[in-house]
Amino acid sequence: CCKMLSYLLVYLPDRYDHQQRLLPYLVSFMNDMDKTIEREALECMEKCGLQYEREHPDEIIERRQLGVDGDDSTDYDNDLPTPFTSRPSLGARLFVRSNTSRFFLAVLSELSSWREGT
């Protein structure tokens, strides 16, 4: 499943039309009970990050040169949440950030309107 998703997110000719629709599945696979799927989802995210870096070199260079990489209050010394064993690449983080707007507000709306017993 992750290999097909990786192909669709990285190699599909019109992938830009589908990235925001497919990213929730990738995020979901990162919390799978099967560690193999979890690992493949992380690899897929890194592939997407490498593709993002190739397609947006100016943004990557600027962020690396200026050291603009997150909020000043971010604690880089704390342990990472599961399933991450290392910090995702800059390209992967920017890929996720640029493609979450479409579904993030819907998820927040669902979480805020949740009622017990329905």
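Residues numbered from 1 in each chain as written. Predicted model: local features only at pLDDT ≥ 70, side-chain atom pairs only at ≥ 80, totals over all residues. Heavy atoms only, no water.

Student: Any chance you could explain the packing of helix α1 (residues 2-10) against helix α3 (residues 35-55) here in plain terms?
Tutor: Helix packing geometry: the angle between the two helix axes and the distance between the axes. Running from N to C, α1 and α3 point in directions that differ by 10 degrees, and their axes come no closer than 9 Å. Considering their axes alone, α1 and α3 lie roughly parallel with respect to each other. Contact residues: α1 offers Cys2, Lys3, Leu5, Ser6, Leu9 and Val10, while α3 offers Ile37, Glu40, Ala41, Cys44, Lys47, Cys48 and Gln51. Of the residues assigned to the contact of α1 with α3, the class counts are eight nonpolar, two polar and three charged. (Axes fitted to C-alpha atoms, helices over the stretch in contact; angles between N-to-C directions. Helix = DSSP H or I, 4+ residues; strand = E, 2+ residues; numbered from the N terminus. Parallel < 35°, antiparallel > 145°, perpendicular 65-115°, else oblique. Contact = heavy atoms within 4.5 Å. Nonpolar A, V, L, I, M, F, W, Y, C, P; charged D, E, K, R; others polar.)

Student: Looking at this model, I keep getting lost on the packing of aromatic side chains. Mind explaining?
Tutor: Aromatic rings in a pair are described by how distant their centres are and how their planes are angled relative to each other. Under the counting rule described, the total for this entry stands at one aromatic pair. Ring geometry for Tyr7 versus Tyr11: centroids 5.9 Å apart, planes at 35 degrees, classification tilted. Judged by its relative accessible area of 46%, Tyr7 falls in the partly exposed class. (Phe/Tyr/Trp six-rings, centres within 6.5 Å; stacked < 30°, edge-to-face > 60°. Buried < 20%, exposed > 50% of the residue type's maximum accessible area, 1.4 Å probe, protein only.)

Student: Explain the side chain of Asn99 to me, please; I cannot follow it from the model alone.
Tutor: For Asn99, the position within the fold is in helix α5 (residues 90-99). A distance of 2.9 Å separates a polar atom in the side chain of Asn99 from the backbone oxygen of Phe95. If we ignore the near neighbours within four places in the chain, the residues touching Asn99 are Gln19, Gln20 and Leu23. (Polar contact = N/O pair within 3.5 Å; in protein donor to acceptor, adjacent residues only side chain to side chain.)

Geometric values such as these leave the question of function open.
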